[in-house]
Each structure stands twice: as C-alpha cells, then as structure tokens.
Amino acid sequence: MPSWQTRVYGTRSARELNHRITEGDRLAADAEAEAAKAETTACELAVRLDQQAATGRPTQGQRFAAEAGQILDQAETHLATAQEHERTAAAAAGQADDRTSQLAKLAESEGKSRLALRLAGTSLKEHRELTERLTRERASYWNLAADARRDARQALERAWETVREHRIAQALGAAGQPVPDRADKAAERFLEMRSAASRHGHGMDKRDRDDVSRATRQAGEFRKLAASHRAQAAKARAEKALRAAIAEKFPDLHARETRGRRTVQQEQAKRIVQHQQAAVAHPQSTQSRGQSMK
C-alpha cells in the first residue's frame, strides 16, 4: 500500500476531499454543457453551409452583396437624374456666359454715333433691342442654371439617402457620411461601395466557415477540461474510498495516517500565518526607515 505522503491526495483533509469531489463534478458538468453547446453550433452551421452548397442556394455573403447591389442600383437611378440636371446647369451657365460676352461687346459700341452704327449695319434702336433681348436671355439662363443646380442637389441627396438610411450603410462606409457636393464624387463613392459590398460578403462567408472550425475547436477544449475535472474528482473519490478501507481493515495504520495529516496541515497553517505576519511587518519597517531618513 502506498504511503499517504506519496498518494495524490494523501495529505488532504476529509473536508478538502469532499470539496474536490463536489467542485470537480460541478466544473466537469459545466464544461460538458459548454462543449455540447459548441458542438450544436458547429453542427447546425455546417449543415446549413452544406445544404447551401448542395442546392446551389446563395450564401449569406452572396445575399448581402446582392441586396447591396440592388440598393446601389436604386441610388444610381437618382444619381443619373442628378447628373442630367448638372449637365443642364452647365449648359445653361455656358449660354449665360455667352450672352454676357455679347453684352460686353455691345457695351463697347454704346458711345458710337448714329452714323457709325448705320455704317456698321445697325441702328441705335436695334442696338438697344438687342441689348434688352440678350439681357433677358441671360437672366433666363441664369434662372435655368440655378433651378437645375437645385434639382441636381435634391436628386443627389435622394441618391445618397437611399444608401445611408439602409441597414447596409455601416458595412459600406456610408453611415453618417455627408452628401457629396457633386455627382461625379458620388459616382466614385458608389463604385467603391460596390467593391466594399463584395469584400464584406466574402468576409461573411469566410467567418461562417471559420465559425465552424472555431466552435469545433472550443468543443474539444471543453471536453478536455471536463475530463480533467472528472479525473481530479475520481482521484479524490479513490483516496476517500482507500481511507475507508484502511480504517476498516487496518485501524492502527488509519490512526497514524490521520495524525500525520493533521501534523502536516498544522505546520502548513503555521507557515501561512508567519508569512502573513512577515508581509505586514515589511512595509512597516520600510516606512519607519523612510521617516528616520527625513
């Protein structure tokens, strides 16, 4: 029979053995429950991925990318309207500038005499009528350009809000972002968002595959942990059963082991108290030396 000093839990008290058994069983049950949960998660996710692959159904990431593409298509419809209004505004502004240039040339001839105007093939009345017409046309083009810029801005805001107010905005980097000031900038951003949607979708599918591996690995780790706790509880039970057998068959040996364990535990308790007293005394002595140096 091995000596109580060499047995795994030979030096433990009966109360410590009972605690180790109870605690080991509890921790093992908790670890097994976590392992079962991780295994269920891995199995369900693996089944879903296998079914998608077998039936050709789109993956979660593919569905996200498709949804993002539809939203961006809607946004780009509004963007096309904004671009058309911007072209109208640019053309109207060009026409207004052309009238401004013609009015400047007419202004140069305002001081000429009637004879000079007649020699130039026009008259003062025609000069005045032309000036008034060009002024009206310029004002009309200015108004047209202003209205077109306003309509372009509104269409651009609708395009941007189509994406920004959708749940995909965060993944595409549009959440909380201000509306671009020009349609060409918005077009660049929408192109970037399409690439971002594709990358995010691939990332979602990769995370699904990684989640299967991660859950499987966690289940294995919890199973090992549960086995370790079960083994510790089993060793404590074995020690407890051995002591009961010794007490029944060899009472003198049992009494000697009990005295030996009690002596060891008393010495351990004494060392703990001494260590605590030394820890308390050390900072006090350090503080006293510091005060004396002052």
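Up top is the structure these notes are about.
These figures come from a predicted structure and were not determined experimentally.

Engineer: Is there a simple way to explain the overall build of the protein in this structure?
Structural biologist: When helices and strands are counted, the protein shows seven helices and zero strands. For the protein, the α and β elements follow one another from N to C terminus as α-α-α-α-α-α-α. Partitioning the intrachain contacts of the protein with sequence separation of at least 6 by distance along the chain shows that 79% fall at a separation of at least 24. In the form shown here, the protein has an accessible surface area of approximately 19,300 Å², with 53% of it arising from carbon and sulfur atoms.

Engineer: What is the right way to look at the nonpolar core in this model?
Structural biologist: Most often, soluble globular proteins have nonpolar side chains that are buried together. Core analysis: the biggest nonpolar cluster contains 24 residues, and Leu79, Leu156, Val163, Ile168, Leu172, Phe190 and Met193 have the highest contact counts within it. Breaking this core down by element, the ones donating at least two residues are α2 (60–108), α4 (124–164), α5 (169–172) and α6 (183–249). If we ignore the near neighbours within four places in the chain, the residues touching Leu172 are Ala68, Val163, Met193, Ala196 and Ala197.

Engineer: How do you make sense of helix α1 (residues 14–55) when you look at a structure like this?
Structural biologist: Owing to its 3.6 residues per turn, the α-helix brings residues three or four apart onto one side. Across its 42 residues, α1 extends 61 Å between first and last C-alpha, which sits within 8% of the 62 Å expected from 1.5 Å per residue. All of the buried residues along α1 are Leu17, Ile21, Gly24, Ala28, Ala31, Ala35, Ala38, Ala42, Leu45 and Gln52. Trailing α1 by a residue or two, Gly56 shows a phi angle of about 75°, which is positive.

Engineer: Just to check I follow, could you spell out the packing of α1 against α6 for this structure?
Structural biologist: Packed helices, taken two at a time, are described by their axes: the angle between them and the distance between them. Their axes nearest at 7 Å, the elements α1 and α6 cross at an angle of 160°. Between α1 and α6, the angle falls in the class roughly antiparallel. For the element pair α1 and α6, the recorded crossing hand is left-handed. Grouping the amino acids of the contact of α1 with α6 by side-chain chemistry returns 22 nonpolar, seven polar and 15 charged.

Engineer: Explain the pattern of salt bridges here, please?
Structural biologist: This model, assessed by the stated rule, comprises 28 salt bridges. A salt bridge links Arg237 to Asp25, with the shortest nitrogen-to-oxygen separation between them at 2.4 Å. Residue Arg237 is found in helix α6, and its partner Asp25 is found in helix α1; the two are separated by 212 residues along the sequence. Overall, Asp25 belongs to the partly exposed group, its relative accessible area being 22%. Each of Arg7, Glu239, Arg243, Glu257 and Arg261 takes part in one network of salt bridges that share partners.

Engineer: I keep staring at the environment of Ala148 and nothing clicks. Help me out?
Structural biologist: When you line up the elements, Ala148 lands in helix α4. On a C-alpha basis, the gap between Ala148 and Glu84 in space is 8.8 Å, while along the polypeptide they are 64 residues apart. Not counting residues up to four positions away in its chain, the partners in contact with Ala148 are His85, Thr88 and Ala89.

Engineer: Explain the environment of Val163 here, please?
Structural biologist: Tracing the chain through its elements places Val163 in helix α4. Judged by relative accessible area, Val163 falls into the buried class, the value being 0%. With residues near it in sequence (within four places) discarded, Val163 still touches Ile71, Leu72, Ala75, Ala169, Leu172, Ala174, Phe190 and Met193.

Rules of the game
- Residues numbered from 1 in each chain as written.
- Predicted model: local features only at pLDDT ≥ 70, side-chain atom pairs only at ≥ 80, totals over all residues.
- Heavy atoms only, no water.
- Helix = DSSP H or I, 4+ residues; strand = E, 2+ residues; numbered from the N terminus.
- Contact = heavy atoms within 4.5 Å.
- Areas by Shrake-Rupley, 256 points an atom, 1.4 Å probe, with all protein chains shown as cover.
- Core = buried A, V, L, I, M, F, W, Y, C linked by side-chain atoms within 4.5 Å.
- Buried < 20%, exposed > 50% of the residue type's maximum accessible area, 1.4 Å probe, protein only.
- Expected span 1.5 Å × (residues − 1).
- Axes fitted to C-alpha atoms, helices over the stretch in contact; angles between N-to-C directions.
- Parallel < 35°, antiparallel > 145°, perpendicular 65-115°, else oblique.
- Left-handed = near helix turned anticlockwise from the far one by under 90°.
- Nonpolar A, V, L, I, M, F, W, Y, C, P; charged D, E, K, R; others polar.
- Salt bridge = Lys/Arg side-chain N within 4 Å of Asp/Glu carboxyl O.

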